[in-house]
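Each chain, written out:
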Amino acid sequence: MFNNFARLLAFTISTLAATATSAATVELDKQSGSVFGTNGWTAVLISLGADPVVSPTWVAAGAFALKGDIDSKPGVELFDAFCLDIATWLRLPSLYSVTGSPFASDPLTSLQMSSIAKLFNTAYKGLDLSNATQSAGFQLALWEIVNEAAGNGYALGSGNFSAAGSAAATNYADSLLAGLAGRETQKYRLTFLQSTDPRAKDGHYSQNLVTVSPVPLPAAGLMLMAGLGGLGLMRRRRA
């Protein structure tokens, strides 16, 4: 009986492992004819130190409107994503893997990871992605966090990474970066998407990306809010 159980357990584990492996790689594509969909975007001139690939280059900055099965549940999700990789072009459709350790080719530091989380938690909830200035500004803020040299302050007009060409977008990005230590309006779960397309010759085939989903409020918090709401209703009725 024990042997049968052991065989069943081994089969279950191997099946789950195979499922996890097959679900690890997903194909991403744009939702519509434009990679930005209905999201706004702005042309900006970016520079990265003495990097000849990036400095200087005109690029389109804004939130990508993508689709793909990134949560391993049945069906394809529609989601917005941002670029964390300015040295590679976005090529779609393309194969990606969801990773919690971004990125194999160019790992993010703990400070970069923390600052990315703070940017989303303090600014993303109120962001209007259809607004070109806000959409591009948020993307620029992410690029500044990922590409600025350690020890430098965050500012789009100076430092190792800089951007120009749209004062509205760069000013908005600077305002978001200045608010990183401010109040968090919503907690978000970060999902990093790493390009793993086998068509890559050197480095990786497409840009590495990040997307987010809201962290649900704990049940206790929901009950507390409901209780406070009920208390307020009782007070109004008594009044």
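A brief structural summary. (Residues numbered from 1 in each chain as written. Predicted model: local features only at pLDDT ≥ 70, side-chain atom pairs only at ≥ 80, totals over all residues. Heavy atoms only, no water.)

### Looking at the sheet that holds strand E2 (residues 41-48)
A sheet is described by the order of its strands in space; here three strands give the open sequence E3-E2-E7, paired in antiparallel fashion. Edge positions in the sheet fall to strand E3 (57-62) and strand E7 (161-164), since each has one partner strand and no second. Across the sheet, the mean angle from the axis of one strand to that of its neighbour is 45°, orientation sign disregarded. As defined by bridge partners, E2 adjoins E3 across six bridges and the pair is classed as antiparallel. By the bridge assignment for E3, Thr42 is matched with Ala61. (Pairing = 2+ DSSP bridges. Helix = DSSP H or I, 4+ residues; strand = E, 2+ residues; numbered from the N terminus. Axes fitted to C-alpha atoms, helices over the stretch in contact; angles between N-to-C directions.)

### Examining unusual backbone geometry
The amide bond that connects Leu92 to the next residue, Pro93, takes the cis arrangement and shows omega of 0°. Note that Pro93 resides in the loop between strand E5 (77-83) and strand E6 (94-99). Put simply, Pro102 and Phe103 share a cis peptide bond, and its omega is -15°. Inspection of the secondary structure puts Phe103 in the loop between E6 and helix H2 (110-124).

### Some details on the packing of aromatic side chains
Scanning the entire structure with this criterion turns up ten aromatic pairs. On the basis of an interplanar angle of 45° and a centroid distance of 5.0 Å, the ring pair of Phe82 and Phe138 is categorised as tilted. Residue Phe82 is found in strand E5, and its partner Phe138 is found in helix H3 (residues 132-147); the two are separated by 56 residues along the sequence. In this structure Phe82 comes out as buried when scored by relative accessible area, which is 1%. A centroid spacing of 5.9 Å and a plane angle of 85° characterise the contact between Phe103 and Phe192, whose relative ring orientation is edge-to-face. Taken together, the residues Phe103 in the loop between E6 and H2 and Phe192 in strand E8 (residues 188-195) connect sequence positions 89 residues apart. For the pair shown, Phe103 and Phe192 are each scored as buried. Positioned above the aromatic ring of Tyr205, the side-chain terminus of Arg91 is 5.3 Å from the ring centre. (Phe/Tyr/Trp six-rings, centres within 6.5 Å; stacked < 30°, edge-to-face > 60°. Buried < 20%, exposed > 50% of the residue type's maximum accessible area, 1.4 Å probe, protein only. Lys NZ or Arg CZ within 6 Å of the ring centre and 35° of its normal.)

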